[in-house]
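So the chains spell out like this:
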Amino acid sequence: MTTSDPKDRLFVALDTPEIERAAKLARALADDIGGVKFGKEFFTAQGPDGVRAAAGSIPLFLDLKFHDIPNTVAGAVRAAVHLRPHIVDVHASGGRAMMQAAADAAREAAEDAEVPRPLVLAVTVLTSLDDRDLAEVGQAGPSGAQVRRLALLAQDCGLDGVVCSPREIAELRAACGPEFVLLVPGIRPAWAAAGDQKRVMTPAQAVAAGADYLVIGRPITRAEDPRAAVRRVVAEIADA
Ligand code: C5P
């Protein structure tokens, strides 16, 4: 990863359908974080105009995890580029042609609009699925092997990296090399409650293991003082 400023690694997940709450948090945290993440909840409630209004000029991870036929995903990525996201993502299980179409669309749309190309990342296996769930939908496990297979496929398709769980960082860093972007949710500072995240790492552990970007939501957004929480996280990243 090229950045040397520890705060650039931190994207804060603003998981709310409410525009005022999202905008207020984004404004309060803007100077101390790398960017904000909006996902399906906020986007479905507030749409692209809501994302523009709430994110302002803060770097944006548009986490819509596209998964459809290649033509449709390409169109969605092209539309997303108009929001000037720093990062977008698709499901690797959409397959080679879909991922290549996403990468091509991001490049072409960014050239056409004369804006920087967003990083295109792949989601491998949802961390909510265990080996039994995978077997039920006909995917060969164990899940670790499937994660690795999909990450290597994403890399072969020209994607910039993957979204992965903390426990996958070391293996994917070794398998995919130093340039492949690893963006990691499921991060819990030592002082925060784990909540529903089961396999957690602290920010320092995740960066030391090889993570490029950390996505953290509730430990920051639900903290009594979200700015103070951000500063503690960034200090941990700096010390990693
Ligand atoms: O609040 P919390 O820190 O758990 O938020 C993590 C964010 O990362 C949420 O937006 C969640 O949807 C997302 N995420 C995740 N686990 C994954 C993929 C995405 O928690 N495997």
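Our structure's up above, just so we're on the same page.
Residues numbered from 1 in each chain as written. Predicted model: local features only at pLDDT ≥ 70, side-chain atom pairs only at ≥ 80, totals over all residues. Heavy atoms only, no water.

Helical geometry: 3.6 residues make up each α-helical turn, so side chains three or four residues apart lie on a common side. End to end, helix 3 (residues 70–81) covers 16 Å across 12 residues, agreeing with the expected 16 Å (1.5 Å per residue, within 8%). Within the span of helix 3, buried status applies to Val73, Ala74, Val77, Ala80 and Val81. Across the axial projection of helix 3, the buried residues extend over an arc of 125 degrees, all falling on one side. Looking at the buried positions of helix 3, the neighbouring elements they touch are strand 3 (60–66), strand 4 (87–91) and helix 4 (96–113). (Helix = DSSP H or I, 4+ residues; strand = E, 2+ residues; numbered from the N terminus. Expected span 1.5 Å × (residues − 1). Buried < 20%, exposed > 50% of the residue type's maximum accessible area, 1.4 Å probe, protein only. Arc of directions from axis to C-beta. Contact = heavy atoms within 4.5 Å.)

On to the sheet that holds strand 5 (residues 119–123), then. Read around the closed barrel, the eight strands follow the order 1-2-3-4-5-6-7-8; overall the barrel is parallel. The sheet shows a mean angle of 25 degrees between the axes of neighbouring strands, taken without regard to direction. Direction of pairing for strand 5 relative to strand 6 (residues 161–163): parallel, over a ladder of three bridges. Paired with alanine 122 across the bridge in strand 6 is valine 162. The strands that helix 4 touches are strand 3, strand 4 and strand 5; relative to strand 4, the one it contacts most, it runs at about 160 degrees. (Pairing = 2+ DSSP bridges. Axes fitted to C-alpha atoms, helices over the stretch in contact; angles between N-to-C directions.)

Here we come to the environment of leucine 119. Among the structural elements, leucine 119 can be located in strand 5. As for leucine 119 and leucine 129, which are separated by 10 residues in sequence, their C-alpha atoms are 25 Å apart. Beyond its immediate chain neighbours, meaning those up to four positions away, leucine 119 contacts His86, Ile87, Val88, Asp160, Val181 and Tyr213.

Next up on the list: the nonpolar core. In this structure, Leu10, Phe38, Met99, Leu159, Val162 and Leu214 are the most contacted members of the largest nonpolar core, which totals 69 residues. Per element, the largest residue contribution to this core is nine residues, and it comes from helix 4. Judged by nonpolar contacts, the second largest core, of 12 residues, contains Phe11, Ile87, Val181 and Val215. (Core = buried A, V, L, I, M, F, W, Y, C linked by side-chain atoms within 4.5 Å.)

Take the pattern of salt bridges next. Close approach of charged atoms lets side chains of opposite charge pair. Under the criterion given, the structure shown has 12 salt bridges. Across the salt bridge formed by aspartate 8 and lysine 7, the nearest N and O atoms sit 3.6 Å from each other. On the accessibility criterion, aspartate 8 (26% relative accessible area) is partly exposed. Taking relative accessible area as the criterion, lysine 7 reaches 23% and is therefore assigned partly exposed. Two residues, aspartate 63 and lysine 37, come together in a salt bridge whose shortest N-O distance is 2.5 Å. Taken together, the residues span a long stretch of sequence, with aspartate 63 in strand 3 and lysine 37 in strand 2 (residues 35–39) at a distance of 26 residues. Taking the relative accessible area as the measure of exposure, aspartate 63 reaches 5% and is therefore buried. Judged by relative accessible area, which is 11%, lysine 37 ranks as buried. Taken together, the shared-partner salt bridges in this structure form one network comprising Asp32, Arg227 and Arg231. (Salt bridge = Lys/Arg side-chain N within 4 Å of Asp/Glu carboxyl O.)

Attention now moves to the side chain of aspartate 32. Position of aspartate 32 among the secondary structure elements: in the loop between helix 1 (19–29) and strand 2. One polar contact links aspartate 32 to arginine 231, side chain to side chain, over a distance of 3.4 Å. Among residues more than four places away in sequence, those in contact with aspartate 32 are Lys7, Arg227, Val230, Arg231 and Val234. (Polar contact = N/O pair within 3.5 Å; in protein donor to acceptor, adjacent residues only side chain to side chain.)

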